[in-house]
Amino acid sequence: MIDVYTADTPNGVKIPIALEEIGAPYKIIRVNLSAQEQKREEFLKLNPNGRIPAIVDHDGPLGGPFAVFESGAILLYLAEKFGALLPADPRGRVNAIAWTFFQVSGVGPMFGQARFWRRRAEVNPAAIERYEQESARLITVLERQLRDTAYLAGETVSIADVAHFGWIDVAEVYAGVDLSTAPSVARWREALRARSAFQRGVAAVR
Ligand SMILES: N[C@@H](CCC(=O)N[C@@H](CS)C(=O)NCC(=O)O)C(=O)O
């Protein structure tokens, strides 16, 4: 059994979606972000960065409970543990990891900043412009990739798709991105929205 510490956010849906795709049993432990539960001492033992998601695998490496933090690391840990969500060929595997890093270092932080500035009345227009433009640019990078492949790392769903989904699902609302200009990204998003494992993963945190 894997305990998933999470909340209803774009990062929070990643691990339930992955575990649904894998078909592994898990338990959701909700973290109330508004109440700052993620900054409590008990939680910092699981994730020193004080953010969701984090997991505890009760059957960790060498036996016994093992905590993992950072969504990209958790996705990779689960993919390797269960032999799923990573292409079998070595090049596809590295591509999946590269696109996962692209999400956690680029799409997540930039969309997050775009949302932060767009929601404030006392906004700095330059900040909004900067993060909206960078979010739009990142979408063009994804669009170029998805013109040639069904999913980010090839013809099968991988951790890279799982990492991106929650963020692209809210791209318009968070970052003001117009997905009508990115038809391949829009097609990919619809394909993932239609997958029952993605639907169950999202529903698990709602
Ligand atoms: N790089 C981290 C980012 C995690 C993250 O930013 N989580 C947000 C929710 S989407 C959070 O916990 N925010 C609460 C806080 O910052 O205190 C990851 O990919 O796991």
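Here is what the cut-offs are and how they apply
- Residues numbered from 1 in each chain as written.
- Predicted model: local features only at pLDDT ≥ 70, side-chain atom pairs only at ≥ 80, totals over all residues.
- Heavy atoms only, no water.
- Axes fitted to C-alpha atoms, helices over the stretch in contact; angles between N-to-C directions.
- Helix = DSSP H or I, 4+ residues; strand = E, 2+ residues; numbered from the N terminus.
- Parallel < 35°, antiparallel > 145°, perpendicular 65-115°, else oblique.
- Contact = heavy atoms within 4.5 Å.
- Near = heavy atom within 4 Å.
- Polar contact = N/O pair within 3.5 Å; in protein donor to acceptor, adjacent residues only side chain to side chain.
- Areas by Shrake-Rupley, 256 points an atom, 1.4 Å probe, with all protein chains shown as cover.
- Nonpolar A, V, L, I, M, F, W, Y, C, P; charged D, E, K, R; others polar.
- Buried < 20%, exposed > 50% of the residue type's maximum accessible area, 1.4 Å probe, protein only.
- Arc of directions from axis to C-beta.
- Domains from an automatic or database assignment.
- Buried area = accessible area lost by both parts, 1.4 Å probe.
- Salt bridge = Lys/Arg side-chain N within 4 Å of Asp/Glu carboxyl O.
- Phe/Tyr/Trp six-rings, centres within 6.5 Å; stacked < 30°, edge-to-face > 60°.
- Lys NZ or Arg CZ within 6 Å of the ring centre and 35° of its normal.

**Student:** Please clarify how the packing of helix 5 (residues 125-146) against helix 8 (residues 183-193) should be interpreted in this entry.
**Tutor:** At their nearest, the axes of helix 5 and helix 8 sit 7 Å apart, and the two run at 75° to each other. With respect to helix 8, the element helix 5 is oriented roughly perpendicular. Residue-level inspection shows Ile139, Leu142, Glu143 and Leu146 of helix 5 in contact with helix 8, the latter providing Pro183, Ser184, Val185, Arg187 and Trp188.

**Student:** What is the right way to read the site of the ligand from this model?
**Tutor:** Lining the immediate environment of the ligand, one finds Thr9, Asn11, Gln38, Lys39, Gly50, Arg51, Ile52, Pro53, Glu70 and Ser71. At 2.6 Å from an oxygen atom of the ligand is found a side-chain nitrogen or oxygen belonging to Ser71. When the ligand is considered free in solution it has 510 Å² of accessible area, and contact with the protein chains removes 79% of it. Looking at the shell around the ligand, its residues break down into two nonpolar, five polar and three charged.

**Student:** Help me understand helix 8, please; the structure alone is not making it clear to me.
**Tutor:** At 3.6 residues per turn, the α-helix brings residues three or four places apart onto the same side. All of the buried residues along helix 8 are Ser184, Val185, Trp188, Arg189 and Leu192. Down the axis, helix 8 shows its buried residues gathered within 135° of arc, on one side only. Close packing links the buried residues of helix 8 with helix 5, helix 6 (159-169), helix 7 (171-175) and helix 9 (196-205).

**Student:** Is there a simple way to think about the domain arrangement of the protein chain in this case?
**Tutor:** It is common to give the size of an interface as the accessible area lost on bringing the parts into contact. What the domain assignment lists for the protein chain is domain 1 (2-84) and domain 2 (90-198). Computed over C-alpha atoms, the centres of domain 1 and domain 2 are 21 Å apart. The interface is formed by 14 residues belonging to domain 1 together with 16 residues belonging to domain 2. Interface of domain 1 and domain 2: buried area, both sides summed, is about 1,200 Å²; carbon and sulfur atoms make up 70% of it. Scanning the region where domain 1 abuts domain 2 turns up two salt bridges. As a salt-bridge pair, Glu21 and Arg195 come within 2.8 Å of each other at their nearest N and O atoms. Summed over the shared surface of domain 1 and domain 2, the number is four residue pairs in polar contact (both at pLDDT 80 or more). Sorting the residues of the side of domain 1 that touches domain 2 by element identifies helix 1 (14-22) and helix 3 (71-82) as the ones contributing at least two each. No other element matches helix 3, which puts six residues into the side of domain 1 that touches domain 2. Of the residues assigned to the side of domain 1 that touches domain 2, the class counts are seven nonpolar, three polar and four charged.

**Student:** I'm lost on the packing of aromatic side chains in this one. Help?
**Tutor:** A ring pair, where both rings are aromatic, is described by two values, the distance of the centres and the angle of the planes. By the definition in use, this model includes seven aromatic pairs. Ring centres of Phe111 and Trp167 lie 6.5 Å apart, and the angle between their planes is 80°; this geometry places the pair in the edge-to-face category. With a gap of 56 residues between them, Phe111 in helix 4 (residues 90-118) and Trp167 in helix 6 connect regions that are remote in the sequence. Phe111 sits in the buried class, given a relative accessible area of 0%. With a centroid separation of 5.1 Å and an interplanar angle of 80°, the aromatic rings of Phe116 and Trp117 are classed as edge-to-face. Since its relative accessible area comes to 24%, Trp117 is described here as partly exposed. Connected via pairs of aromatic rings, a cluster forms that spans Phe111, Trp167 and Tyr174. Here the basic side chain of Arg120 rests over the ring of Phe116, its NZ or CZ set 3.7 Å away from the ring centre. Seen from the ring of Tyr131, Arg130 lies directly overhead, with NZ or CZ sitting 5.5 Å from the centre.

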